[in-house]
Amino acid sequence: MTIAEVSKKFDLTADTLRYYERIGLIPNVRRTVGGIRNYTEVDCGWIDFIKCMRNAGVQVGSLVEYVKLIQEGDATEEARKEILVRERNRIAEKIAELQSTLERLNTKIDKHYCVKPKE
């Protein structure tokens, strides 16, 4: 797939895809003889994973470290797991904060905007 096709498929700009490749989030995108990026299904799998993680708020630095460790092989499995656990815990904290905020908003809405029955 070309960068334009991948950009459309994942709703990311071509600049974002180039940036992800440059910093190592998308490992080694192959090029045609003419130098045009030719994304494979594996590349698209990485992009899908990275987009999902970024949408959840996972830090770019953590993702770069994770991808680098994957490329180093099986010996890094424990370090990779630590990154994922750390990010999962951070996301769980954020979800708890958001849930608390949602409950507070619901209380405000119920108290200030509910119609009280007339007696």
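Description of the structure in this document. Since this is a predicted model, take the numbers as computed values, not measurements.

Procedures and definitions
- Once a new chain begins, its residue numbering starts again from 1 and follows that chain's sequence as written.
- Owing to the predicted nature of the model, reporting of local features is limited to residues with pLDDT of at least 70; listing and counting of side-chain atom pairs is limited to 80 or more, with chain, interface and lining totals taken over all residues.
- As a rule here, side-chain values come from all non-hydrogen atoms in the structure, and water together with hydrogens is ignored.
- Lines fitted to the C-alpha atoms define the axes, with helices restricted to the stretch that makes contact. Angles between their N-to-C directions range from 0 to 180 degrees.
- Helical segments are the DSSP runs of H or I of at least four residues, strand segments are the runs of E of at least two, and each set is numbered from the N terminus.
- If an angle is under 35 degrees, it is roughly parallel; if it is over 145, roughly antiparallel; if it lies from 65 to 115, roughly perpendicular; otherwise it is oblique.
- Here, residues are in contact when the closest pair of their heavy atoms is within 4.5 Å.
- Note on aromatic contacts: the rings of Phe and Tyr and the six-membered ring of Trp form a pair at centre separations within 6.5 Å, being stacked when their planes are under 30 degrees apart, edge-to-face when over 60 apart, and tilted otherwise.
- Using a 1.4 Å probe on the protein chains alone, a residue whose accessible area is under 20% of its type maximum counts as buried, one over 50% counts as exposed, and one in between counts as partly exposed.
- In these notes, a set of buried Ala, Val, Leu, Ile, Met, Phe, Trp, Tyr and Cys residues joined through side-chain atoms within 4.5 Å is what counts as a nonpolar core.

**With respect to the packing of helix α1 (residues 3-10) against helix α2 (residues 14-23)**
One way to put it is that α1 packs onto α2 with a least axis distance of 9 Å and a crossing angle of 105 degrees. In terms of orientation, α1 lies roughly perpendicular with respect to α2. For the pair α1 and α2, the contacting residues are Ile3, Val6 and Ser7 in the first and Ala14, Leu17 and Arg18 in the second.

**Here's the deal with the packing of aromatic side chains**
Within the structure shown, the criterion is met by three aromatic pairs. Note on tyrosine 19 and tyrosine 20: the rings are 6.1 Å apart at their centroids and 45 degrees apart in plane angle, and the pair reads as tilted. Judged by centre distance (6.3 Å) and plane angle (80 degrees), the rings of tryptophan 46 and phenylalanine 49 are edge-to-face. With tryptophan 46 and phenylalanine 49 both in helix α3 (residues 41-55) and three residues apart, this pair spans about one turn of that helix. A relative accessible area of 24% places phenylalanine 49 in the partly exposed class. Through a chain of ring-to-ring contacts, the aromatic side chains of Trp46, Phe49 and Tyr66 assemble into a single cluster.

**Description of the nonpolar core**
By size, the foremost hydrophobic cluster in this structure holds 17 residues, and its most contacted members are Val6, Leu17, Tyr39 and Ile47. Among the secondary structure elements, those contributing two or more residues to this core are α1, α2, α3 and α4 (60-72). Ranked by the residues each element gives to this core, the list is headed by α3, at four residues. Setting aside residues no more than four positions away along its own chain, tyrosine 39 makes contact with Met1, Thr2, Ile3, Val6, Leu17, Glu21, Val29, Cys44 and Ile47.

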